[in-house]
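# Breakdown of the fold
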Amino acid sequence: MEIGKYIVDKASKLGVDDAVVTITPSLTKQIRFANNEITLSTIWDTIDVEVFLAYKKRLISSNLNNPSMSETFSSIGGGTNLTKDDVDKFLGRMIKIAKVLAPKEDYHGIAQGPFKYNSIKDLHDKKIENLGEKTVDFVEDAIDAAMNEGAKRCAGVLYSNLWEEQKFTSGGVEASDKGSSINFSIRAFAEKDASGHSVSVSRILNRFDAKKAGAEAGALARQSLNPVLGESGKYDVIFGPMVAANLLYYMSYAFSAFEVDSGMSFLIDKVGKKVGNEKVTLVDDGRLANGFESGMFDQEGVPTQTTKIIESGILKTYLHNTSTAKKFKVKTTANAGIIYPQPKNIILESGDSKLEEMISEIKNGVYITNVWYTRFANYRTGDFSTIPRDAMFEIKNGKIARPIKGLRLSDNMQHVLESIHAISKDSKTIQWWEVEIPVVTGHVLCKGLNMTKSAK
Amino acid sequence: MTVDKDLIHFCVDSALKSGASYSEARLVSTTEEGYILKNGTPESSVFAESSGIGIRVIVDGALGFLAINKLDKKEIASKVKEVIKIAKVSSRSLKVPIKLSKEKAYKDNWEVKAKIKFEDVSPEEKMKYLFDIEKNLSEIKNKLPSRFFQLATANTEKYYVNSDGAEIQAKLPQIFMYYSIIAMENGDTEQRYYPLGESGGWEILERRNLIGKIKEETTALLKILKQAKKLPKENIDVLLSPELVGIAMHESCGHPGEADRSLGREGAQAGETYLTKEWLGKRIGSDVVTVVDDPTLENSYGFYEYDDEGVKAQRRVLIKNGIINDFLHNRWTASVFGKKSNGAARAGRFDREPIVRMSTTFMLPGDFSFEELIEDIKKGVFIKSYTEWNIDDKRWNAKYVGNEAYLIENGELKHLVRRPVLEITTQSFYSSVDALGKKVEFISGTCGKNEPMDPAPVWMGGPFARLRKIPIGSA
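Calculation criteria
- Residues numbered from 1 in each chain as written.
- Chains lettered and ligands numbered in written order.
- Predicted model: local features only at pLDDT ≥ 70, side-chain atom pairs only at ≥ 80, totals over all residues.
- Heavy atoms only, no water.
- Helix = DSSP H or I, 4+ residues; strand = E, 2+ residues; numbered from the N terminus.
- Rg over C-alpha atoms; globule rule 2.2 N^0.38 Å.
- Buried < 20%, exposed > 50% of the residue type's maximum accessible area, 1.4 Å probe, protein only.
- Areas by Shrake-Rupley, 256 points an atom, 1.4 Å probe, with all protein chains shown as cover.
- Lys, Arg positive; Asp, Glu negative; His and termini not counted.
- Charge placed at Lys NZ, Arg CZ, Asp CG, Glu CD.
- Contact = heavy atoms within 4.5 Å.
- 1 Å grid on protein atoms, 1.4 Å probe; cavity = no way out; pocket = protein on both sides within 12 Å on 5 of 7 lines; lining within 4 Å.
- Points joined across faces, edges and corners; volume = space filled by probe spheres on them.
- Nonpolar A, V, L, I, M, F, W, Y, C, P; charged D, E, K, R; others polar.
- Pairing = 2+ DSSP bridges.
- Axes fitted to C-alpha atoms, helices over the stretch in contact; angles between N-to-C directions.
- Phe/Tyr/Trp six-rings, centres within 6.5 Å; stacked < 30°, edge-to-face > 60°.
- Lys NZ or Arg CZ within 6 Å of the ring centre and 35° of its normal.
- Buried area = accessible area lost by both parts, 1.4 Å probe.
- Salt bridge = Lys/Arg side-chain N within 4 Å of Asp/Glu carboxyl O.
- Polar contact = N/O pair within 3.5 Å; in protein donor to acceptor, adjacent residues only side chain to side chain.
- Patch = residues over 30% accessible without salt bridge, like charges linked within 9 Å, V, L, I, M, F, W, Y side chains within 5 Å.
- Domains from an automatic or database assignment.
- Core = buried A, V, L, I, M, F, W, Y, C linked by side-chain atoms within 4.5 Å.

The subject of this paragraph is the overall build of chain A. Counting its secondary structure elements, chain A contains nine helices and 22 strands. Over its C-alpha trace chain A gives a radius of gyration of 24 Å, about what one expects of a compact globule, namely 23 Å for 456 residues. Seen through its C-alpha atoms, chain A measures out along the principal axes to roughly 70 × 55 × 45 Å. Counting every position in chain A, which comprises 456 residues, the buried fraction comes to 63%. Surface summary for chain A: the accessible area is close to 16,600 Å², and the carbon and sulfur share equals 47%. Once the 58 positive and 56 negative side-chain charges of chain A are each reduced to a mean point, those two points are 4 Å apart.

Right under this line is the structure:
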């Protein structure tokens, strides 16, 4: 703890206006598997010391690396062995650089604390510290569950993670937080072109269920056997939670004040305006109990909060840190990123529908269970396309007609929000390789989206 | 960086002592600088250093990996033991033990020399480069609501040792420049982004006229907005620029040719591939199509002399005259295929497992000039640059959306067309190519693969390529 405070104090003495130091020791374990076999077991044992400095509006993001190969770090829970001399040399070098940089004239500083922090439920579980061989059991049980549902082979990953975050700022913040997480992603394959994917994401062990994820992935693989090529056209489309999460994650750049300021967001000049169907209420919650990215403070040390981004279809706010908030003449939403504000846990508020009800009201539609490779033809307008992978079904006259393949969703992000017609009651947290920021969502029915396919 | 060779050997020995049948340790140390100019205003500059060790072991036929930046022998030894313990338990799931192909154990040093070292160019000069781009756009700035320029430099040093006796030391300077621009006319917008990455020093930016290119492409964006017409969907010829050929080679030849993908190892992340071992020797495209992946091209962004398993870098011929010829291999996939590795194992950082990655993937040239390629096109479209693209996880259905594109009529370039969409299967793409330009050009990219994600610097490219009778039209 001492080294963080020393860096901030010394930086202030040297004329630095704002300093933020974040020390993060972490221990992460991973088990990867493919073809029902464990392909790799990994341990990451690291400690990072990140430093942000603002010197007369000249901004530097840096880190303090281990100073020499022979010196030692203590283990998790401790600090680094950095000496005052290391820090003095580092700050001297950074300030020298800062003096020749050009100023960011629209930089408005960091938050002034100190702050009071209220704890959040279910973010740290000691049981995750000592899982040992149990992690292999989780993987094997999930594979078995998928196979019992009809899968022929499975691939995926299990992570367990423990970390601490120590925060010191020239705004008077001296705080620490700690967390744990366990997350699992499984893709089950039946025959050629038939597959299903599911995840289980939690901060605590008793809300984690790898077996259930395995069974879900296996069932989707079985249900999607022998898919036929789908046809291009306008469809009513049901997004499974992994699809809704993917699109909400990929559109979340547009919520960041950084991208609005960059001129890249499709939501520029739309605060207070209708950007989605009235059924759409979208929240960022940094304080969600068992929230995958929940924590007591943001990167500036501001206590996290719950922010309605879209309420009943109306855009309420962008996501801010202290500096962007001042520029936009609003209050920070505690989403620092000192440079780039971003969501913590994106939540699409539940509706009152069920998957079966959604299917029953569709005459001509498509049910997509997973997508990847979401890319934008134009960030400013939100024109994008994304490709379904895993189980996809044609819906005819209120019923699942048959599994299909080979289609692509080519549409516009705001149009997707506007076309949302129903949201399911049940929801789950999605976070995996394709969805880096956790999204809590259920099934979503959109009316009239554009599906395309390769013409040759 | 002073390389503590003793510590790296300690890592390898410590794993063997704890029961590993194979071990390797890779120290990676990187010094990075980064600068951003956003709509004329600098964002935070980045000055970062990182170093750490990645240790990979095989124990009881199972693979384990430890990434650690606490460079202390006691801590390393204890965590190595832990990795070995969990790998031993995981070995019960294996039907076949993991083996690596037998390779010559090289002891060597390699280095890409910067003519102008990054540390000899002041932060002020680096930032000035971005301000010069902005200045060069000043006349049309009011029509560009988004101007984002990024410059990054990195010096990486590696020291690799494995228990087979390989020992490789490497030094690699790399530069990366990225720009993204949105142009607006009467409320209508188009975007252009472009990455440039090379191995070498500051001289790269002096050699490349990026400032001029950005102005030229931005002017083109404004023309697209004013002049481009929609292209009705029909079966016509398509002429692709090296930029389009490059992205297609990366997505629909390089990725599907990664042997680990073919073996299902990336199934839950970067996906699988249509290519199985049985495809070797089978036709995917026309005779003119030959595609290679080559890490040895001078200054290329994915350049290396030895891969991250100590295997010597070499050119791989993935498609030869339209026939599937080879996969990209690391030592594990090579052993499964019963052959030698062709040196495609890479890891971007110390804390990532080395897996099969591309380097520079490109189509070899033909002998046509640009004029010869278009002269017998009755009706077609020439796509010079692209914006959105994607491909399914089998690498079969691809989509490339044109940015700057022109109608071709009776062998002549006509007006601009708006966002033509090439949505095509891999086999149709390669089978439709009938003629190629004389000269190969490259674009840069950052390839995404591995879990967790490990962005890898790559080049991709090819000549101008003519595809006959392709269904294409505006979005």
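Alright, that's what it looks like, and here's the rest.
With that settled, consider the overall build of chain B. When you go through chain B residue by residue, the secondary structure sums to 10 helices and 25 strands. For 475 residues, the compact-globule estimate of 2.2 N^0.38 gives 23 Å, and the C-alpha radius of gyration of chain B, at 24 Å, lies within 12% of that figure. Along the first, second and third principal axes, the C-alpha set of chain B runs to 70 × 55 × 35 Å. A buried classification covers 66% of the 475 residues belonging to chain B. Across chain B, the fraction of contacts at a sequence separation of at least 24, relative to all contacts at a separation of at least 6, is 75%.

A word on empty space enclosed by the protein. All told, the structure shown has eight cavities of 30 Å³ or more when counted by the stated rule. Empty space within the second largest cavity amounts to approximately 120 Å³. Considering only residue class, the lining of the second largest cavity consists of eight nonpolar, three polar and six charged.

This brings us to the sheet that holds strand E20 (residues 428-432) of chain A. All names here are of chain A. As summarised here, the arrangement of the six strands in space is E11-E10-E9-E12-E21-E20, forming an open sheet in which the pairing is mixed. Bordering the open sheet on either side are strand E11 (314-315) and E20, each of which pairs with just one other strand. Bridging between strand E10 (residues 306-311) and E11 involves two bridges; their strand directions are antiparallel. Bridge assignment links Ile 310 to a residue of E11, and that residue is Leu 315. Contacting strand E9 (282-285), strand E12 (346-348), E20 and strand E21 (435-441), helix H5 (residues 241-251) runs over the sheet at an angle of about 120° to E21.

With that out of the way, let us pick up the packing of aromatic side chains. Applying the stated criterion to the full structure yields 36 aromatic pairs over all chains. For the pair Phe 376 of chain A and Tyr 379 of chain A, a centre-to-centre distance of 4.7 Å together with 20° between the ring planes defines the contact as stacked. Overall, Phe 376 of chain A belongs to the buried group, its relative accessible area being 2%. When the centroid spacing of 6.3 Å and the interplanar angle of 45° are considered together, the rings of Phe 376 of chain A and Phe 384 of chain A count as tilted. This pair shows no difference in class: Phe 376 of chain A is buried, exactly as Phe 384 of chain A is. In this structure, Arg 389 of chain A is placed above the aromatic ring of Trp 372 of chain A, and the distance from its NZ or CZ to the ring centre is 4.9 Å. Between the NZ or CZ atom of Lys 277 of chain B and the centre of the ring of Phe 337 of chain B, over which it lies, the distance is 5.3 Å.

In this complex, chain A contributes 91 residues to the contact, which on the side of chain B involves 99 residues. When the two sides are added together, the surface that chain A and chain B hide from each other amounts to roughly 7,800 Å², 49% of it contributed by carbon and sulfur. One can count 14 salt bridges joining chain A with chain B. Of the charged contacts in the structure, one is a salt bridge between Asp 45 of chain A and Lys 79 of chain B, with a shortest N-O distance of 3.8 Å. In this assembly, chain A and chain B are joined by 65 residue pairs in polar contact (both at pLDDT 80 or more). For the side of chain A that touches chain B, the leading source of residues is strand E2 (residues 37-55) of chain A, giving 13 residues. Sheet topology note: the strand E3 (residues 58-63) of chain A/strand E3 (residues 45-59) of chain B ladder contains three bridges and is parallel. Of the residues in E3 of chain B, the one forming a bridge with Ser 61 of chain A is Val 46 of chain B.

Residues and elements named next belong to chain A. Turning to its location among the elements, Pro 227 is positioned in the loop between helix H4 (210-223) and strand E7 (228-229). On the basis of relative accessible area, Pro 227 is assigned to the buried category, the value being 13%. With 72 residues separating them in the primary sequence, Pro 227 and Gln 299 have C-alpha atoms 47 Å apart. When neighbours within four sequence positions are excluded, Pro 227 is seen to be in contact with Lys 192, Asp 193, Pro 403, Ile 404 and Lys 405.

Trans is the common state for peptide bonds, and a negative phi is the common state for residues other than glycine. A cis amide bond links Ala 336 of chain A with the next residue in sequence, Gly 337 of chain A, at an omega value of 20°. Checked against the element boundaries, Gly 337 of chain A lands in the loop between helix H7 (322-327) and E12. With omega at 0°, the peptide bond leading from Glu 451 of chain B into Pro 452 of chain B counts as cis. Looking at where Pro 452 of chain B falls in the secondary structure, it is placed in the loop between strand E23 (441-447) and strand E24 (456-462).

Attention now moves to the pairing of strand E6 (residues 195-202) of chain A. All names here are of chain A. The element E6 is extensively covered by neighbouring structure, given that eight of its eight residues are classed as buried. In E6, alternate side chains face the same way, and those of Ser 195, His 197, Val 199 and Val 201 on one face and Gly 196, Ser 198, Ser 200 and Ser 202 on the other are all buried. Judged from the eight bridges that link them, strand E5 (residues 174-189) and E6 form a sheet pairing that is antiparallel. Among the inter-strand pairings, Ile 186 is bridged to a residue of E6, identified as Ser 198.

With that out of the way, let us pick up the pattern of salt bridges. Residue and element names in this part refer to chain B. Under the counting rule described, the total for this entry stands at 74 salt bridges over all chains. Residue Asp 294 pairs with Arg 315 through a salt bridge whose shortest N-O separation is 2.8 Å. Taken together, the positions of Asp 294 in the loop between strand E10 (291-293) and strand E11 (316-320) and Arg 315 in the loop between E10 and E11 put the pair 21 residues apart, joining distant regions of the chain. Relative accessible area serves as the criterion here: at 3%, Asp 294 is assigned to the buried category. With relative accessibility at 41%, the residue Arg 315 sits in the partly exposed group.

Let's shift gears to a negative patch on the surface. All names here are of chain A. On the surface, a cluster of negative charge is contributed by Asp 352, Glu 356, Glu 357 and Asp 426. As for its position among the elements, Asp 426 is in the loop between strand E19 (420-423) and E20. With relative accessibility at 46%, the residue Asp 426 sits in the partly exposed group.

This part is about the domain arrangement of chain A. All names here are of chain A. Structurally, chain A comprises domain 1 (2-27 + 42-100), domain 2 (126-223) and domain 3 (228-453). One C-alpha centre belongs to domain 1, the other to domain 2, and the line joining them spans 33 Å. The interface of domain 1 with domain 2 comprises 19 residues on the first partner and 13 residues on the second. In terms of surface lost to domain 2, no three residues of domain 1 exceed Lys 5, Ile 23 and Leu 27, which account for 30% of the buried area on that side.

Ranked by internal contacts, the top residues of the largest apolar core, which has 179 residues, are Phe 239 of chain A together with Leu 130, Met 177 and Tyr 430 of chain B. The biggest single contributor to this core is H5 of chain A, with nine residues. Once residues lying within four places of it in the same chain are set aside, the contact partners of Met 177 of chain B are Tyr 129, Leu 130, Ile 133, Phe 149, Gln 150, Leu 151, Tyr 194, Pro 195, Leu 196, Leu 205 and Leu 210 of chain B. Counting residues in each nonpolar core, the second largest holds 52 residues, with Val 57, Leu 66, Ile 84 and Trp 110 of chain B among its members.

For the rest of this paragraph, the subject is H5 of chain A. Among the 11 residues that make up H5 of chain A, 11 are buried, leaving the element largely enclosed by the rest of the structure. Restricting attention to buried positions, one finds in H5 of chain A the residues Pro 241, Met 242, Val 243, Ala 244, Ala 245, Asn 246, Leu 247, Leu 248, Tyr 249, Tyr 250 and Met 251 of chain A.

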